[in-house]
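Coordinate analysis (summary)
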Amino acid sequence: MNISTSSASRIAHGLRGAFIVLCCAAAAQAFAQADSLPGINLLPEIPPREAVPPGAGANRADTEAVIESRKSHAIPALEIIGFDFLLNRINRRKSDDYDVSGASIRRNLRGPWVVDNDPYKTNQLGHPYQGSMYHGFARSAGLNYWESLGYTFAGSLAWEIAGEKTRPSKNDQINTGIGGSFLGEALFRMSSLVLEHDSTPRFWRELAAAAISPATGFNRLAFGERFAPVFASRDPAYSSRLQVGFSGTAQNRLGTSTTGLKSSEALVDFSLDYGLPGKRDYQYRRPFDYFSFQGTATTANGFENLTTRGLLFGRDYAVGNNYRGVMGLYGSYDYFAPQIFRVSSTALSVGTTGQAWLSNAIALQGTVLLGVGYTAVGTLKGVPGDRDYNYGTSPQALIALRMSFGDKAAIDLTARDYLVPHSAEQRGRTNVARLEAAATWRVSGRHGVSIRYVGTRRDAAFPDLADLTQVRGTVGIYYTLLGHDSFGAVEWR
């Protein structure tokens, strides 16, 4: 997808604006906790019983009949085609790469597929967001996750073949068709969650939901409540935080980066953990019945990070009286840009998410994942027309922990690692490690203050060149708006 610098900038600014609206809307919601005790279930896509509208039969056959009568396969297909057509028309004014013809389509159908040289933000942020639109069109028309994943993958394939005349791109297909689905499901779920909370006037709920998932907003505007009965969140236990603050440079090693570094920055960070283990009667039947989302917008470079991970297949389990968890296969999309280098990955991992009560007031929550992703990593050189990053299939790991002390305070620690091989021409490998640590104190009600450290390190090894190290570390202080008066620990005892 070849987009001009100005077009890519508009995409980034648009995404930034939508994210800030998302944060403000999410912060306005009152999140309620509930008691909990899990069962054990596998995770095929099973429509929830709660989706039955008033007056419908309560048995399973009636439920499925109602859902089948409401959802549409044709509507999202037409919407995706229309979306691609409009995107092509807009981009065609700026570049002849979008001057598609029958000859270019036939050539692209024959292959070969390549790895393109588009700007990093276009490939690693713009394309997943484009895929999230495809996914949102399908999900908000009543299709389940796996059907929507198929539409997302097909929409990306159609764009690569007929949306532009350049060679179809392997990296774009993964980022849009798979990464876009992981991001799109999280956005759809958050949008639906906002719509379900009737404590806020409907106009503001509809506006916030459309800002989070524009495709969902479009279908609700066009079709009203037609598709409303086909999805219900089933009241998950969840925890959210909105943080607004400033950070300054604590560590800095530029390496080969030639970009101007901003030593201080203002930030807005939003995070949500959805479907936390331990809630009574909550069952993990559908992909992303558990997921985690985080995004940080900054005055330094737009998005500093955007990540989501969700449980695709798995089961919940218990160990003794004090531990509840889920385990299985997770899908994730990560994007990090700490000013001097970037790393982004679409991955599958195995692991677990759980919560243990260590005492009557102290709870430990966490996720441990180990997986493999298609990862892009590179420095910021600012060389026009040359791709300053490389792709590789990379092992990766994550450990995310939170210890909460009743309603008084919490400590968060998240560590990630990506090991990315270089291309055959460049050879060598790159290791990227990231550590986030935060301490939060509740001041009053849902209001708190946080101190947060974020450190990211890139070590690149080359057989014929000197090794390269880049380091970026920041320390910041934030006002924190909690989703609950406490810190999200699930009560089941």
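Our subject in this report is the structure included herewith. Because the structure is a prediction, the values reported are computed rather than measured. (Residues numbered from 1 in each chain as written. Predicted model: local features only at pLDDT ≥ 70, side-chain atom pairs only at ≥ 80, totals over all residues. Heavy atoms only, no water.)

Some words on the overall build of the chain
The criterion, for reference: Each helix is a run of H or I in the DSSP string that is no shorter than four residues. Each strand is a run of E no shorter than two, and both are numbered from the N terminus. A 1.4 Å probe rolled over the protein chains alone gives each residue an accessible area, and that area as a share of the maximum for its type sets the label: buried under 20%, exposed over 50%, partly exposed in between. Contacts are residue-level and defined by heavy atoms, with any inter-residue pair within 4.5 Å sufficient. Values of accessible area rely on a 1.4 Å probe in the Shrake-Rupley scheme; residue burial ignores everything except the protein chains shown.
When helices and strands are counted, the chain shows nine helices and twelve strands. A total of 493 residues make up the chain; the buried ones form 56% of that total. Summarising the internal contacts of the chain: among those between residues at least 6 apart in sequence, 70% fall at separations of at least 24. Carbon and sulfur atoms provide 62% of the accessible area of the chain, an area that totals close to 19,800 Å².

A look at the packing of aromatic side chains
For any two aromatic rings, the description comes down to two numbers: the centre-to-centre distance and the angle of the planes. Rules: Here a Phe, Tyr or Trp ring, Trp counted by its six-membered ring, pairs with any other such ring whose centre lies within 6.5 Å, and the pair is stacked when the planes are under 30 degrees apart, edge-to-face when over 60, and tilted otherwise. Charge-over-ring contacts are defined here by two conditions on Lys NZ or Arg CZ: a distance within 6 Å of the ring centre and an angle within 35 degrees of the ring normal.
Using the criterion set out here, one finds 20 aromatic pairs in the structure. Measuring from ring centre to ring centre gives 5.6 Å for Phe223 and Phe227, while their planes differ by 70°; the resulting arrangement is edge-to-face. Its relative accessible area of 31% is what places Phe223 among the partly exposed residues. Among the aromatic residues, those joined into a cluster by ring pairs are Tyr145, Trp146, Phe182, Tyr274, Phe288, Phe291 and Phe313. Cation over ring: Arg234 sits above Tyr282, and NZ or CZ is 5.4 Å from the ring centre. The cationic tip of Arg342 hangs over the ring face of Tyr120; the distance from NZ or CZ to the ring centre is 4.2 Å.

Section: unusual backbone geometry
Omega for the peptide link from Gly111 to Pro112 comes to 0°, which places this bond in the cis form. Mapping Pro112 onto the fold places it in the loop between helix H4 (102-110) and helix H5 (120-139). Even without a glycine there, the phi angle at Asp235 is positive, about 55°. Mapped onto the fold, Asp235 is located in the loop between helix H9 (214-223) and strand E1 (238-253). According to the relative accessible area criterion, Asp235 is partly exposed, its value standing at 48%. Here the phi dihedral of Asp281 falls at roughly 70°; this positive angle occurs in a residue that is not glycine. Tracing the backbone shows Asp281 in the loop between strand E2 (264-274) and strand E3 (291-298).

Thoughts on the pairing of strand E8 (residues 390-405)
The cut-off we apply is this: DSSP calls a pair of strands paired once it identifies at least 2 bridges connecting them.
Pairing analysis gives 16 bridges linking strand E7 (residues 362-379) to E8, with the strands arranged antiparallel. Each bridged residue has a counterpart across the sheet, and for Val372 the counterpart in E8 is Pro395. Bridge analysis of E8 against strand E9 (residues 409-421) gives ten bridges, and the strand direction is antiparallel. Paired with Leu398 across the two strands is Arg416, which belongs to E9. Counted between consecutive antiparallel strands, the loop separating E8 from E9 contains three residues, among which Gly406 sits at a positive phi close to 60°.

Let's talk about the pattern of salt bridges
Which entries qualify depends on this criterion: By definition, a salt bridge exists where a carboxyl oxygen of Asp or Glu is found within 4 Å of a side-chain nitrogen of Lys or Arg.
Across all of its chains, the model carries 24 salt bridges by this definition. In this structure, Glu265 engages Arg472 in a salt bridge whose closest nitrogen and oxygen atoms are separated by 3.2 Å. On the criterion of sequence distance, the pair formed by Glu265 in strand E2 and Arg472 in strand E12 (residues 468-482) is long-range, its members being 207 residues apart. Exposure remark for Arg472: the relative accessible area of 3% places this residue in the buried category. For Asp407, the salt bridge goes to Lys408, with nearest N and O atoms at 4.0 Å. The class of Asp407 is partly exposed, set by a relative accessible area of 33%.

Some words on the sheet that holds strand E5 (residues 323-336)
Within a sheet, each strand pairs with its neighbour through backbone hydrogen bonds, oriented either parallel or antiparallel. Stated formally: Working convention: axes come from line fits to C-alpha atoms, limited for helices to the stretch in contact. Angles between N-to-C directions cover 0 to 180 degrees.
Read around the barrel, twelve strands follow the order E1-E2-E3-E4-E5-E6-E7-E8-E9-E10-E11-E12 and close on themselves; strand pairing throughout is antiparallel. This sheet shows a mean twist of 20° between the axes of neighbouring strands, independent of strand direction. Looking at chain direction, strand E10 (residues 429-444) and strand E11 (residues 447-461) are connected through 15 bridges and run antiparallel. Along E11, the bridge assignment pairs Ala439 with Ile451. Sheet strands touched by H5: strand E4 (302-319), E5, strand E6 (341-357), E7 and E8. Its angle to E5, the strand with the most contacts, is close to 135°.

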